[in-house]
Amino acid sequence: MKGLWLENNQLQLRTDIPIPKPPEGEALVRVLCAGICNTDLELLRGYYPYTGIIGHEFVGVVEQGADNLINKRVVGEINAVCGYCRFCRRGQPTHCENRTVLGIVNRNGAFAEYLCLPVENLHPVPENVSTEAATFTEPIAAALEIQQQVQLCGDDRVLVVGDGKLGQLVAQTLALTGCNLLVVGRHREKLVNLEARGIKTSLVDAVTDRAFDISIDCTGNPEGFAIARRALRPRGTLVLKSTYAGNLSLDASSLVVDEITLIGSRCGPFTPALELLATKQVDVEPLINAYYPLNEGLAAIEKAQTKGVLKILLEIN
């Protein structure tokens, strides 16, 4: 089969990859569509030492596996877990000590014609959700994880830093809580997407220091972190929602003096993410900038790294 293979930080389109054979408890999924994520791009830059097929945001059709899923469109949670380690027993499987992670850690990913995942990881896509929209399930779930970690009140002043695809999904999900939300970025044309949904936006220069209860950095760069940090009041909460390719410098003393709570945030719940798509409470269509066939996957990756681009989708099958 064809797939985008990463090795030694070099990406290539291979046509000689064997179709995977699902082990017991797993399903063989024919990939229909996959989204290019910032984490995929960070892997190319050496964020994590990985060899194999990249990609983890996908929609596919089950060809082998549980009878109730055969021929159905599905999305999949990316962490394949052991079920018996201390984190699995505590109900924290995304931190399983023995996990593999689709397209990221020891498991071939979605930028290929087929993939395998445990049956328990798969979720049927509602009929009224398009294949293209459903590729956003994983990042919407990641956005919803913030609400699993931080208790939000209607009068909380919340800042989202970043107008990219993740920042926009985080903003849309947070807006549903009724909090006092502001989203800042550097691209007025991107912020228009949120303004159309009644979400307050501004350019980053307008951020007031020490004015917010909660700030969320969706930029993955030191400048975004600095903006999110200085915006917080004492005893505020800073959520890091992006992976960082390099080391991040910070003033640890100021975190202590201001008693700042620092939270890392990544994978989240798929069921409510699909519900938001099915009920059209989140709009992902404006985030799609282009479609590429798998044969042009290297060009798609290059396009995804272009400044100002939001989501690039790969049409696989």
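In this text the structure is predicted, and so the values were computed from the model without any measurement.

Most of helix α5 (residues 165-175) sits inside the fold, with nine of its 11 residues counted as buried. When α5 is considered as a whole, its buried residues turn out to be K165, G167, Q168, L169, V170, A171, Q172, T173 and L174.

Turning our eyes to something else, we now look at the domain arrangement of the chain. The domains assigned to the chain are domain 1 (3-124 + 284-315) and domain 2 (146-264). The gap between the C-alpha centroids of domain 1 and domain 2 is 27 Å. Taken together, the 14 residues of domain 1 in the interface contact 11 residues of domain 2. Both sides together, the interface formed by domain 1 and domain 2 hides about 1,100 Å², and carbon and sulfur atoms give 59% of it. By the criterion of area lost to domain 2, the three top residues of domain 1 are Y47, L287 and L310, representing 45% of everything that side buries. Linking domain 1 to domain 2 there are zero salt bridges. Connecting domain 1 to domain 2 are one residue pair in polar contact (both at pLDDT 80 or more). Looking at the side of domain 1 that touches domain 2, the element that brings in the most residues is helix α1 (residues 38-44), giving three residues. The class makeup of the residues in the side of domain 1 that touches domain 2 is eight nonpolar, three polar and three charged.

On to the environment of G164. Locating G164 in the fold gives a position in the loop between β11 (157-161) and α5. Spatially, the C-alpha atom of G164 lies 34 Å from that of L69, the residues being 95 residues apart in sequence.

Moving on, we get to the sheet that holds strand β1 (residues 3-7). Overall, antiparallel pairing links the three strands, which are arranged β2-β1-β4 in an open sheet. Looking along the sheet, the strands with just one partner apiece sit at the ends: β2 (10-14) and β4 (52-53). With five bridges connecting them, β1 and β2 associate as antiparallel partners. Note that in β2 the partner of L6 across the bridge is L11. Sitting on the sheet, helix α10 (residues 297-304) touches β1 and β2, and the angle it makes with β2 is about 145°.

Criteria and cut-off values
One numbering rule holds for all chains: residues counted from 1, following each sequence as written. Local features are withheld for residues below a pLDDT of 70 in this predicted model, meaning they are given only at 70 or higher, and side-chain atom pairs are given and counted only at 80 or more; totals for whole chains, interfaces and linings count all residues. Side-chain numbers come from the whole structure's heavy atoms, not from hydrogens or water. Exposure classes here rest on a 1.4 Å probe applied to the protein chains alone. A residue is buried below 20% of its type maximum, exposed above 50%, and partly exposed in between. Only DSSP runs of H or I covering at least 4 residues are called helices, and only runs of E covering at least 2 are called strands; the numbering of each starts at the N terminus. Residue ranges for the domains originate in an automatic or database domain assignment. Note on contacts: a residue pair is in contact if any heavy atoms of the two residues lie within 4.5 Å. Note: buried area is the sum, over both parts, of the accessible area (probe 1.4 Å) each one loses when the two are combined. Here, a salt bridge means any Lys or Arg side-chain nitrogen found within 4 Å of an Asp or Glu carboxyl oxygen. Polar contact is defined as a pair of N or O atoms within 3.5 Å, subject to the rule that within protein one atom must be able to donate a hydrogen and the other to accept it, and that residues adjacent in sequence are counted only when both atoms are side-chain atoms. Asp, Glu, Lys and Arg are counted as charged, while Ala, Val, Leu, Ile, Met, Phe, Trp, Tyr, Cys and Pro are counted as nonpolar; the rest, among them Gly, fall into the polar class. What makes two strands pair is DSSP finding at least two bridges between them. Structural elements are reduced to axes, namely lines fitted to C-alpha atoms, with helices fitted over the stretch in contact, and the angle between N-to-C directions of any two is expressed from 0 to 180 degrees.

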